[in-house]
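Examining the three-dimensional arrangement
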Amino acid sequence: MFEVIQPGLETSIQDYPGRIGFWNQGFPPSGPMDSWSFRLGNLLVGNPADAAGLECQYMGPTLKFQRDGVIAITGADMQAKLDGQPVPLWESIAVKSGQTLAMGPAKSGVRAYVAIAGGIDTPAWLGSRSTFHKAGVGGMEGRALKAKQVVPVATGVKGTVGKKVKPEARPHFAADKRWEIEVVPGPNDDWIDEAGQQRFLTSDWKLSSKSDRTGFRLDGPQWTFTEKAYKKAPENGSEPSNIIDHGYPLGAINLAGQTPIILVNDGPSMGGFINPYTVPSAAFWKLGQSKPGDVYRFKAVSVDQAQELRKKLNAICTAASIS
């Protein structure tokens, strides 16, 4: 167990792959934005890759441990210190009862992950411990951590100190604030004309500060549409980006008027806007580690290529990446 001394900025309990199979009922998968860092953190402490841990964003928490254990911090560098001594990233370390872990603002990246041997042991809801803030479910009372809460940790795994993620198996965050993000055309790419599609793929798109775990809002050039966006039945809506309500894929680039919004982990499952492109799951870690003001340049890939990227990422998130 550990006590929350300071909660940080919306530090939440997440597990991988999150709450699967309930999106049609209004409950998105949630789970870690950067599953690459999250899964490797669990493997470092001897947990299964899907055990529940902490996602810390922008500003990390301060935690006081109430029993001995093993932890690992992966993802963003929040300059963590254990009783005032710097904590290495991507490595399993011992913690003693009474010690305090203090994490500060992210120096590189956005989201850090704290894995604890045994895994966080809050009640599962619809098969997952992941926090979905907007519905108030999962995690600790359905919300981000609060000061004075005591978070339970299972005791089945002891963990081994000194395990490290091999350097070549770690994600590399964009140092120049520019990211190449893969996208798959569809499901509504035929609503955007050729010039509009070329403009989307060759322009810089800036991540807006009006972004969260529901959607990443982008600022960029105007979109242009095909004839079908104008000559459509009235029930499709008056704006060219309107369409009769339909299902959204996770990662959809949802076009609300002229504003593209990438639907991420806590996004809606359906609505009345077109989705010209979709960010595949293997690229989500880049979204999770980018911050407002960063620039995206999109690269079109096929479904087969997106699946290969996912297979490669899954192969990295295994014990073979731990030394």
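I will try to describe carefully the structure that is included in this document. Just so it is clear, the structure is predicted and the values come from calculations on it, not from any experiment. (Residues numbered from 1 in each chain as written. Predicted model: local features only at pLDDT ≥ 70, side-chain atom pairs only at ≥ 80, totals over all residues. Heavy atoms only, no water.)

**Looking at the sheet that holds strand β11 (residues 150–151)**
Reading across the sheet, the 6 strands line up as β7-β6-β9-β4-β1-β11 and stay open at both edges, with antiparallel pairing between neighbours. On the outer flanks of this sheet lie β7 (85–86) and β11, each paired with one strand and no other. Judged from the 2 bridges that link them, strand β6 (residues 81–82) and β7 form a sheet pairing that is antiparallel. By the bridge assignment, L82 is partnered in β7 with Q85. (Pairing = 2+ DSSP bridges. Helix = DSSP H or I, 4+ residues; strand = E, 2+ residues; numbered from the N terminus.)

**Focus on the pattern of salt bridges**
Inspection of every chain in the model, using the stated rule, returns 10 salt bridges. In this structure, R178 and D204 form a salt bridge, with 2.8 Å as the shortest nitrogen-oxygen distance. On the criterion of sequence distance, the pair formed by R178 in strand β12 (residues 178–185) and D204 in the loop between α2 (194–202) and β13 (205–207) is long-range, its members being 26 residues apart. With relative accessibility at 40%, the residue R178 sits in the partly exposed group. Residue classification places D204 among the partly exposed residues on the basis of a relative accessible area of 34%. Between K311 and E308 there is a salt bridge, and its shortest N-O distance comes to 3.5 Å. Here K311 pairs with E308, and both are found in helix α4 (residues 303–316), just 3 residues apart, close to one helical turn. Classification of K311 by relative accessible area gives exposed; the value is 52%. Taking the relative accessible area as the measure of exposure, E308 reaches 39% and is therefore partly exposed. Salt bridges sharing common partners tie together E55, R213 and D266. (Salt bridge = Lys/Arg side-chain N within 4 Å of Asp/Glu carboxyl O. Buried < 20%, exposed > 50% of the residue type's maximum accessible area, 1.4 Å probe, protein only.)

**So, the environment of K210**
Following the sequence through the fold, K210 ends up in the loop between β13 and β14 (215–219). Along the backbone, K210 and P292 are 82 residues apart, and their C-alpha atoms lie at a distance of 8.2 Å. Contact partners of K210, with chain neighbours within four places excluded, come to G215 and R217. (Contact = heavy atoms within 4.5 Å.)

**Considerations on the nonpolar core**
I262, V279, L287, Y296 and F298 are the most contacted members of the largest nonpolar core, which has 46 residues in total. A total of 4 residues in this core trace back to one element, the largest contributor, which is helix α1 (residues 35–44). With near-sequence residues (within four places) excluded, Y296 lies in contact with W179, I181, S203, D204, W205, L207, F216, L218, I262, L287 and S290. Ranked by size, the runner-up nonpolar core spans 28 residues in total, among them I73, M78, I93 and M140. (Core = buried A, V, L, I, M, F, W, Y, C linked by side-chain atoms within 4.5 Å.)

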